Amino acid sequence: MTVAGIVLAGGSGSRVQRDVNKVFLPLRDREMLAYSLETMDRSPMIDRVVLVVRQEDRGTAELLLSELSLPKVVDVVEGGASRHQSEHNGIEALADRILTGDIEIVVIHDGARPFMTTALLHATIEAARIDGGGIPGLDIEAPVYAQTGDAVKRLPNGRLRRVQTPQSFRSGPLLDAYRTAHIDGREGVDTAETLERYSNLVVRVVQGDPRNIKVTFVEDIFQAEDHAASWLRGAWTD
C-alpha cells in the first residue's frame, strides 16, 4: 500500500492578526507547519508528501524545508483561490502516480492543525484501506439546531460529528471526484464533502483528538503554545 500526504498551507494571518501566513508562526521551538510535516515524514505509512502553499509563500516554505531536512516532502505546489482549489492542485500533482496505481491512498491535512498524532494519521489511513475513506470526528456536546424558514428544530447530537483532518481516501476515486467537481464548477467545504457528492466510497469516521485543534484566531495560538509543551515526535507526552 503506497500512501501520499498532502499538507495544505495556503491560508493567511488575517484572523490571527498577523501579517504573515499563520502556519509560519512559531510554536515553542519551531514553526507551526513543521509539526505536521515532521509527523508525516516520520510515519512508516507515508511514502511521499506534497506541500501546497500560496505563490507568495513559496520561498519561505522552501527555506523551511531546507532547514528541516524532510526527505519525504518532495513537491511544493502552488494553491488556488480557495481551499478546494488548493486540494485539487495537490491531488493533480500526484495524478500521474495515481493513474498508474503507484499511489493507492492520499491523505489530506491542514497545516494549521499542528497536533496530528501518528496514531490518528494511521487510523484514517487504515479506514481508507478497508472502507475507502477515513476522517476523524468528535462528538458534539452543545445543542445544534436546523432552521427552515422561521422554524427551528433541534438535531440529535448523537448523529452529529465535528470533523477534523487528516482525511484519507483511496486515490482513484479521489482524483475522479475532484476532476468531476471541477467540470461542474462546485466546491466542497472539505475533502469528505466532495467525495460524498462525487463518489461511492464509504467514508468511516474514526475517533478524533480534541487537542488536534485548528489555529484560526489569536486565542488559538495561546492554546497551541500550551499543547506544544506536551508534544513530542507525533505523540502526546502526558
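Scroll up a little and you will see the structure.
Everything numeric here is computed off the predicted structure, so don't read it as measured data.

Chemist: Hey, could you go over the nonpolar core for me, with residue numbers and the actual values?
Modeler: Core analysis: the largest hydrophobic core is formed by 25 residues, its most contacted members being L33, L37 and L51. At the level of secondary structure, the elements contributing two or more residues to this core comprise β1 (3–9), α1 (32–42), β4 (48–53), α2 (58–68), β5 (73–78), β6 (105–110) and α5 (118–131). Judged by nonpolar contacts, the second largest core, of 24 residues, contains V52, L94, A177 and L201.

Chemist: So, the pairing of β6: which residues are in play, and what are the values?
Modeler: For β6, the tally of buried residues reaches six of six residues, placing the bulk of the element in the interior. Here β6 shows a buried face lined by I105, V107 and H109 and a second buried face lined by V106, I108 and D110. Note that β1 and β6 share six bridges and pair parallel. Pairing of V3 across the sheet is with I105, part of β6. Direction of pairing for β6 relative to strand β11 (residues 167–170): antiparallel, over a ladder of four bridges. Looking at β11, one finds that I108 is bridged to Q167.

Chemist: Pulling in residues and values, what's your account of the pairing of β5?
Modeler: For β4 and β5, the ladder comprises five bridges, and the chain directions are parallel. Its bridge partner being in β5, V52 is matched across the sheet by V77.

Chemist: With reference to specific residues and values, describe the packing of aromatic side chains.
Modeler: Two descriptors summarise a pair of aromatic rings, namely the distance from one centre to the other and the angle between the planes of the rings. Per the counting criterion, the structure on display carries four aromatic pairs. Judged by centre distance (5.6 Å) and plane angle (75°), the rings of Y35 and F115 are edge-to-face. Of this pair, Y35 sits in helix α1 while F115 sits in the loop between β6 and α5, placing them 80 residues apart in sequence. A residue is classified by how much of its surface remains accessible, and Y35, at 2% relative accessible area, is buried. For the ring pair W231 and W236, a centre distance of 4.9 Å and an interplane angle of 75° mean the geometry is edge-to-face. The buried category is assigned to W231, whose relative accessible area is 8%. Within the aromatic cluster, the residues linked to one another by ring pairs are Y35, F115, W231 and W236. In this structure, R30 is placed above the aromatic ring of Y35, and the distance from its NZ or CZ to the ring centre is 4.0 Å. In this structure, R211 is placed above the aromatic ring of W236, and the distance from its NZ or CZ to the ring centre is 4.0 Å.

Chemist: Explain the packing of helix α6 (residues 171–184) against helix α7 (residues 191–198) to me, using residue names and the numbers behind them.
Modeler: Axis separation between α6 and α7 bottoms out at 9 Å; the angle between their running directions is 85°. As summarised for this structure, α6 and α7 are arranged roughly perpendicular, according to the angle between their axes. Facing α6, whose interface residues are P173, L174, A177, Y178, T180, A181 and D184, α7 presents T191, T194, L195 and Y198. The residue inventory of the contact of α6 with α7, partitioned by class, reads seven nonpolar, three polar and one charged.

Chemist: Tell me about the layout of surface pockets, and please be specific about residues and values.
Modeler: By volume, the second largest pocket is sized at about 180 Å³. What lines the second largest pocket is simply R113, L138, R162, V163, Q164, D209, P210, N212, I213 and K214. The class makeup of the residues in the lining of the second largest pocket is four nonpolar, two polar and four charged.

Chemist: So what's going on with the environment of E38? Which residues, and what values?
Modeler: Mapped onto the secondary structure, E38 falls in helix α1. Along the primary structure E38 and R233 are separated by 195 residues, whereas in three dimensions their C-alpha atoms are 7.5 Å apart. For E38, the contacting residues outside a window of four places in its chain are R30, L68 and L70.

Chemist: Break down the environment of L120 for me, with residues and values.
Modeler: Following the sequence through the fold, L120 ends up in helix α5. Overall, L120 belongs to the buried group, its relative accessible area being 5%. Each C-alpha atom, one on L120 and one on V206, is 8.3 Å from the other, the two residues being 86 residues apart in sequence.

Thresholds applied
Residues numbered from 1 in each chain as written. Predicted model: local features only at pLDDT ≥ 70, side-chain atom pairs only at ≥ 80, totals over all residues. Heavy atoms only, no water. Core = buried A, V, L, I, M, F, W, Y, C linked by side-chain atoms within 4.5 Å. Buried < 20%, exposed > 50% of the residue type's maximum accessible area, 1.4 Å probe, protein only. Helix = DSSP H or I, 4+ residues; strand = E, 2+ residues; numbered from the N terminus. Pairing = 2+ DSSP bridges. Phe/Tyr/Trp six-rings, centres within 6.5 Å; stacked < 30°, edge-to-face > 60°. Lys NZ or Arg CZ within 6 Å of the ring centre and 35° of its normal. Axes fitted to C-alpha atoms, helices over the stretch in contact; angles between N-to-C directions. Parallel < 35°, antiparallel > 145°, perpendicular 65-115°, else oblique. Contact = heavy atoms within 4.5 Å. Nonpolar A, V, L, I, M, F, W, Y, C, P; charged D, E, K, R; others polar. 1 Å grid on protein atoms, 1.4 Å probe; cavity = no way out; pocket = protein on both sides within 12 Å on 5 of 7 lines; lining within 4 Å. Points joined across faces, edges and corners; volume = space filled by probe spheres on them.

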